[in-house]
Amino acid sequence: MNNCYTKLKIENGYYIFKLKQLLAEKNISINKLMRDTNTDFKVIKRLLTGDMVRIDIYVLARLCNYLDCNLSDIIEYEKDSILV
């Protein structure tokens, strides 16, 4: 896994936040993303760091449209391989 990803452990798996890597691949700055998608910095920052409780599907739809990507290119869920 690329070290630009942020992995957040939850009950039986992980959320993997991949926006930082996607922006780097597309050579898009956070400021440009904010301006072009009319998305608040705090919201973008939470998607970069994984510091969130709820995910706004409208924001994700805007980002997917703007970045021409799928949801799984921004956030992914991975189950634990071994469940106790």
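Residues numbered from 1 in each chain as written. Predicted model: local features only at pLDDT ≥ 70, side-chain atom pairs only at ≥ 80, totals over all residues. Heavy atoms only, no water.

Participant: Please give an account of the side chain of Asp80 that cites residues and values.
Facilitator: Structurally, Asp80 is set in the segment after strand E3 (75–79). Within the structure, Asp80 has its side chain in polar contact with the side chain of Lys9 (distance 2.7 Å). The contacts of Asp80, once residues within four sequence positions are left out, are Lys9, Glu11, Asn12, Gly13 and Tyr14. (Helix = DSSP H or I, 4+ residues; strand = E, 2+ residues; numbered from the N terminus. Polar contact = N/O pair within 3.5 Å; in protein donor to acceptor, adjacent residues only side chain to side chain. Contact = heavy atoms within 4.5 Å.)

Participant: Summarise the pattern of salt bridges; cite the residues concerned and give the values.
Facilitator: Using the criterion set out here, one finds four salt bridges in the structure. For the salt bridge of Lys7 with Glu78, the shortest nitrogen-to-oxygen distance reads 3.7 Å. Remark: Glu78 occurs in strand E3 and Lys7 occurs in strand E1 (residues 6–10); sequence separation between them is 71 residues. By relative accessible area, which is 41% here, Lys7 ends up partly exposed. Between Lys9 and Asp80 there is a salt bridge whose closest N-O contact spans 2.7 Å. Taken together, the residues Lys9 in strand E1 and Asp80 in the segment after E3 connect sequence positions 71 residues apart. (Salt bridge = Lys/Arg side-chain N within 4 Å of Asp/Glu carboxyl O. Buried < 20%, exposed > 50% of the residue type's maximum accessible area, 1.4 Å probe, protein only.)

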